[in-house]
Amino acid sequence: MFTSSRVSSFNRHMKTHTSEKPHMCHLCLKAFRTVTLLRNHVNTHTGTRPYKCGDCDMAFVTSGELVRHRRYRHTHEKPFSCSLCKYASVEASKLKRHIRSHTGERPFQCRLCSYASKDSYKLKRHMRTHSGEGLLTTVSCAACWSSEALSVGSG
DNA sequence: ATTCGCTAGCGCCCCCTGCTGGA
DNA sequence: TCCAGCAGGGGGCGCTAGCGAAT
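Values in this document were obtained by computation on a predicted structure and should not be read as measured data.

### Comments concerning unusual backbone geometry
Of note in the backbone geometry, H76 takes a positive phi value of approximately 55° without being a glycine. Position of H76 among the secondary structure elements: in the loop between α3 (63–75) and β5 (80–81).

### Brief notes about helix α2 (residues 35–46)
With 12 residues, α2 should reach 16 Å at 1.5 Å per residue; the first-to-last C-alpha distance of 16 Å fits that figure. Among all positions of α2, only L38, H41, V42 and N43 are buried. Close packing links the buried residues of α2 with β1 (23–24) and β2 (31–32). Within two residues after α2, G47 carries a phi angle of roughly 85°, on the positive side.

### Focus on the pattern of salt bridges
In a structure, side chains of opposite charge can pair up when their charged atoms sit close to one another. Counted by the stated rule, this structure contains 7 salt bridges. A salt bridge links R97 to D119, with the shortest nitrogen-to-oxygen separation between them at 3.4 Å. In this pair, R97 is assigned in helix α4 (residues 92–103) and D119 in the loop between β8 (116–117) and α5 (120–131), connecting sequence segments 22 residues apart. A residue is classified by how much of its surface remains accessible, and D119, at 13% relative accessible area, is buried. K122 serves as the salt-bridge partner of D119, at 4.0 Å between the closest nitrogen and oxygen.

### What about the environment of E77?
Position of E77 relative to the elements: it lies in the loop between α3 and β5. C-alpha separation for the pair E77 and S89, spaced 12 residues apart in sequence, amounts to 8.2 Å. A distance of 3.3 Å separates polar atoms of two side chains, one belonging to E77 and the other to R71.

### A few points about the side chain of R100
Looking at the element boundaries, R100 is found in helix α4. Given the relative accessible area of 13%, R100 is considered buried. The residues contacting R100, other than those within four sequence positions of it, are E105, P107, F108 and K118.

### Remarks on the UniProt feature "domain: C2H2-type" (unreviewed entry) in chain A
UniProt marks residues 23–50, 51–79, 80–107 and 108–135 with the feature "domain: C2H2-type" (unreviewed entry), using the numbering shown here. Secondary structure across residues 51–79 comprises 45% helix and 14% strand; the distance between its end C-alpha atoms is 22 Å.

Conventions we followed
- Residues numbered from 1 in each chain as written.
- Chains lettered and ligands numbered in written order.
- Predicted model: local features only at pLDDT ≥ 70, side-chain atom pairs only at ≥ 80, totals over all residues.
- Heavy atoms only, no water.
- Helix = DSSP H or I, 4+ residues; strand = E, 2+ residues; numbered from the N terminus.
- Expected span 1.5 Å × (residues − 1).
- Buried < 20%, exposed > 50% of the residue type's maximum accessible area, 1.4 Å probe, protein only.
- Contact = heavy atoms within 4.5 Å.
- Salt bridge = Lys/Arg side-chain N within 4 Å of Asp/Glu carboxyl O.
- Polar contact = N/O pair within 3.5 Å; in protein donor to acceptor, adjacent residues only side chain to side chain.
- UniProt positions renumbered as here; feature names shortened; annotations may be inferred.

Structure below.
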């Protein structure tokens, strides 16, 4: 039937469906499922970065971060290719974001106006135009701003 | 049973560029 | 014409989670 390894993996997988997180960070009280996750997290507090790049002076908390860094900076390996154009990326998430430029998909909707973005940070940046944070402008979104709000937004 | 190594994924921030409207 | 504001596209890193393999 199942090998002991398979049973072990299954048992571990089942734990992912629970909220059990017995390993707590003593510095911020955040809890984690495994010791490894906790160790990595504590390293972010202490600044411990065991994975050092051999080609520059950068260092990272996890091996995955180092691999990704090396692809970006040194090997330029780009495993994720767009099937619609020549674009290729180090990360799957970047390809996903790129594909939205083909499909026109805009999942990040502004709750104050009709603007929608393909990228979460673009929406966050857009929101500054509503709050006036660091910006001074005529408000382009006449659909959702009253004249009173305009006077606030424009300083 | 536990740990290691790796991959996947989400999020954040920044830079560069092109467009647009007002001075 | 110049400049500032804004959005689009993309690069790079921080961090967490899941899983196969090794210990």
